[in-house]
Amino acid sequence: MDLQLIGAIVKNIRAEVGKVIVGHDEALELMLTSLLCGGNVLLEGAPGTGKTFLVQSFAACLNLKFGRIQFTPDMMPGDILGTNLFNFQTNSFVLTPGPIFTQILLTDEINRTPPKTQAALLQAMNERLVTIDRQTYSLGDEFMVVATQNPIEQQGTYPLPEAQLDRFLFKLIIDYPSDSEEREIVRRHGHCSAMPKISDFGISPLVGSMHLAEARALTAQIRLTDALVDYIVDIVRATRRHPAIEVGVSTRAANMMAAASRAYAAICGRDFVLPDDIKRLAIPLMRHRVVMTAASDIEGVTSDEALRTVVDQTVVPR
């Protein structure tokens, strides 16, 4: 298997994003993993940590159509999907597409809109399809949602329902940069109080639909042994028995873990998956899918801590 194409894509995207973004290496690595296996990503972090800037830089490296939705409490599903308007010249209804008709979609502050509007994304995220007035439209194989949310401010926000969280491949925590990274950020971007324009940094859109389709086809061929399939299932099923977890992860999560581990192995330049790949991805892939018990919340046990215990106690295949 020729993995040079995937290696070139990863190298080029990292180099182009590096023109703008300082740090966030882990987030970028998992966004690349998601891109290769067709997953969606949820970024959570405090305001001003570069979530939106990171997504915009990432999208600028792709020769794909990019769209953005800034969610607000008064937004309706039609504002996302679009609507059929009557054309008096043709005497028929014509679809006016909403911003969801794109390839890379940034949904900013996704938890600021009510559940009814959030639900408009469910079919698109899972099937890459949109149904409007009983007519179904395809969004294309390249469609990918990257959402952001702020965990600090709770007033005027609506928690994402479990059904929608389960459609995100990863939930990535965007933390504050290190001391050296923050100094470099201020040196590079401290000349203006507003967010810099991506177009000013000369990012080249290097990856198009054809390259992405070929890379995904190669990724799907990465070898995942039966022993590692059993390992994934053992981890998933163990989350349903952990005393601190009320609701464990779904079978969809097991499928996503298999696909993501193949993509991660490809990024690492291998045509086979290792147990360490699965360990590396387990927590960001499952942290948003589990529901903790009331007792664990009172005791301060986080989902990451419970999942780390699950991964550590699951027997690794040899």
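Residues numbered from 1 in each chain as written. Predicted model: local features only at pLDDT ≥ 70, side-chain atom pairs only at ≥ 80, totals over all residues. Heavy atoms only, no water.

Caption draft 1: Broad picture of the overall build of the protein. Within the protein, the regular secondary structure consists of 14 helices and 11 strands. Scaling as 2.2 N^0.38, a compact globule of 318 residues should have a C-alpha radius of gyration of about 20 Å, and the protein matches this with 20 Å. In terms of overall dimensions, the protein has a C-alpha envelope of 70 × 40 × 40 Å along the principal axes. Counted over contacts in the protein with a minimum sequence separation of 6, partners at least 24 positions apart contribute 78%. Looking at the protein as shown, the accessible area adds up to about 15400 Å², and 52% of this sits on carbon and sulfur atoms. Of the charged side chains in the protein, 30 are positive and 36 negative; the average position of the first set lies 3 Å away from that of the second. (Helix = DSSP H or I, 4+ residues; strand = E, 2+ residues; numbered from the N terminus. Rg over C-alpha atoms; globule rule 2.2 N^0.38 Å. Contact = heavy atoms within 4.5 Å. Areas by Shrake-Rupley, 256 points an atom, 1.4 Å probe, with all protein chains shown as cover. Lys, Arg positive; Asp, Glu negative; His and termini not counted. Charge placed at Lys NZ, Arg CZ, Asp CG, Glu CD.)

Caption draft 2: Broad picture of the sheet that holds strand 2 (residues 66-70). Read from one edge of the open sheet, 5 strands run 2-5-8-1-9, paired in parallel fashion. Of all strands in the sheet, those with a lone pairing partner are strand 2 and strand 9 (170-174), marking the two edges. Going from strand to strand, the sheet's axes swing by 20° on average, the running direction of each strand aside. Relative to the sheet, helix 2 (residues 25-37) contacts strand 1 (41-45), strand 8 (144-149) and strand 9, its axis offset from that of strand 9 by approximately 160°. (Pairing = 2+ DSSP bridges. Axes fitted to C-alpha atoms, helices over the stretch in contact; angles between N-to-C directions.)

Caption draft 3: Expanded view of helix 9 (residues 209-220). With 12 residues, helix 9 extends 16 Å from end C-alpha to end C-alpha; this agrees with the ideal 16 Å at 1.5 Å per step. Of the residues making up helix 9, those classed as buried are Leu212, Ala215, Arg216, Leu218 and Thr219. Taken around the axis of helix 9, the buried residues stretch over an arc of 160°, which confines them to a single face. Exposed residues lying more than 90 degrees from the buried face of helix 9 are Met210 and Ala220. Where helix 9 is buried, its residues contact helix 1 (4-17), helix 2 and helix 11 (251-267). (Expected span 1.5 Å × (residues − 1). Buried < 20%, exposed > 50% of the residue type's maximum accessible area, 1.4 Å probe, protein only. Arc of directions from axis to C-beta.)

Caption draft 4: Seen up close, the environment of Asp179. Relative to the helices and strands, Asp179 is located in helix 8 (residues 179-189). In this structure, the C-alpha to C-alpha distance between Asp179 and Tyr231, residues 52 residues apart in sequence, is 38 Å.

Caption draft 5: Representation of the nonpolar core in the model. Ranked by size, the top nonpolar core spans 75 residues in total, and within it Ile13, Phe58 and Leu285 carry the most contacts. Among the elements that make up this core, the one with the highest residue count is helix 11 (11 residues). Once residues within four sequence positions are removed from consideration, Leu285 is found in contact with Leu169, Phe170, Ala253, Met256, Met257 and Ala260. By size, the runner-up hydrophobic cluster in this structure holds 23 residues, among which are Phe101, Ile132, Ala147 and Phe168. (Core = buried A, V, L, I, M, F, W, Y, C linked by side-chain atoms within 4.5 Å.)

Caption draft 6: Here's a closer look at the packing of helix 12 (residues 275-286) against helix 14 (residues 303-313). Where helix 12 contacts helix 14, the two axes come as close as 10 Å, and the packing angle between them is 145°. Between helix 12 and helix 14 the crossing geometry is right-handed. On helix 14, the residues that touch Lys279, Ala282, Ile283 and Met286 of helix 12 are Asp304, Leu307, Arg308 and Val311. Looking at the contact of helix 12 with helix 14 residue by residue, the classes come out as 5 nonpolar, no polar and 3 charged. (Left-handed = near helix turned anticlockwise from the far one by under 90°. Nonpolar A, V, L, I, M, F, W, Y, C, P; charged D, E, K, R; others polar.)

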